[in-house]
Amino acid sequence: MSEPELAHAGLNLGDTGELTKDQAENAIFGFWIFLMSDAVIFALLFATYGTMIASTVGGPTPASEFKLLPAFVETLLLLTSSATFGRATIAMKYDEPRRVLFGWLGATLGLGLVFLALEANDFATMFAHGAYPMRSGFLSSFFALVGLHGLHVAVACFWLVVMVGQICAYGLDARVRINLLRLGLFWHLLDIVWIAIFSVVYLQGNIG
Amino acid sequence: MSDRTRELRTYAVGYALSLVLTAAAFAMVRWPSFGARAIFGTVLALGLVQMAVQFRCFLHISLKRSSRHDLQLILFSTLIIALMVSGTLVILFNLRDRMM
């Protein structure tokens, strides 16, 4: 360890020059509190889904609506986007050329957008089968849970575009670095929520 | 080994482990070889392991620096989640049984 350890989540950025160690830690910790409150919301939506799973009132069931292949492809896209975002934060930390950083951020954005397109396609297919949120308790809780995750991914993609704008406008100063690190935490946490979604929703729906 | 190499390797290890765990979970469901209950239990266990891997490799949360506030916040959030989720499940399943 050649540099002082910063006690915050995410990649240790080391000395950012303009911010003191305490400021950097507080800036990340506040965002970390928001992420944990978000995790509580998702956990309760999972609990609701778990109690609603059998409430199909004769309508579409998990087994009839969930397909393994699209869920698998979407999982690979999100996992890969998390890895490319990690690579982008390393490019930021070690001041690699701007085009390398933009390359990895662009790859992340592309993967996120393809994920959203596939999910929208899944939802459209379900609507075509008559599986819309008002049909049953099962479908209401499904669209609340998976829809909220999709909304988060859409917001994260928009935020990524804003970050590219900030890097162009301000350069990589301490504030921009902290913002990009926060977005990284958000992106990785969405990946973790998706792990729970594919296990509890898509895989459980295809068992037996 | 430089910091950069070490950090690159952490992300690579996290990504590789995630891919293996994901593939294992989907393969268990795609080619079922034992009972539904056991498969679901294994899928949930694989998911939990993968979450731990991502917290460790992508979010850089470790148990070593025990004074870290973020680790305490995670543990406290986990307690809150466990209380709220288990409470929700108990009450709603009980309610459903009574309405059957």
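Residues numbered from 1 in each chain as written. Chains lettered and ligands numbered in written order. Predicted model: local features only at pLDDT ≥ 70, side-chain atom pairs only at ≥ 80, totals over all residues. Heavy atoms only, no water.

A. Summary view of the packing of aromatic side chains. All names here are of chain A. A complete count under the given rule lists 20 aromatic pairs over all chains for this structure. Note on Phe 115 and Trp 194: the rings are 5.1 Å apart at their centroids and 90° apart in plane angle, and the pair reads as edge-to-face. In this pair, Phe 115 sits in helix 4 (residues 98-128) while Trp 194 sits in helix 6 (residues 174-205), placing the two residues 79 residues apart along the sequence. Put simply, the rings of Tyr 49, Phe 66, Phe 115, Phe 123, Phe 127, Phe 138, Phe 142, Phe 143, Trp 194 and Tyr 202 touch in pairs and so form one group of aromatic residues. One Lys or Arg, Arg 175, reaches over the ring of Tyr 170 and ends 5.1 Å from the middle of that ring. (Phe/Tyr/Trp six-rings, centres within 6.5 Å; stacked < 30°, edge-to-face > 60°. Helix = DSSP H or I, 4+ residues; strand = E, 2+ residues; numbered from the N terminus. Lys NZ or Arg CZ within 6 Å of the ring centre and 35° of its normal.)

B. Representation of the pattern of salt bridges within the structure. A complete count under the given rule lists six salt bridges over all chains for this structure. The partner of Arg 4 of chain B in a salt bridge is Glu 96 of chain A, and the shortest N-O contact between them spans 2.8 Å. Within this pair, whereas Arg 4 of chain B is found in helix 1 (residues 3-30), its partner Glu 96 of chain A is found in the loop between helix 3 (68-93) and helix 4, the two belonging to separate chains. Exposure remark for Glu 96 of chain A: the relative accessible area of 16% places this residue in the buried category. Between Asp 173 of chain A and Arg 175 of chain A there is a salt bridge, and its shortest N-O distance comes to 3.8 Å. Three or more residues joined by partner-sharing salt bridges are found here, namely Arg 87 and Glu 96 of chain A together with Arg 4 of chain B. (Salt bridge = Lys/Arg side-chain N within 4 Å of Asp/Glu carboxyl O. Buried < 20%, exposed > 50% of the residue type's maximum accessible area, 1.4 Å probe, protein only.)

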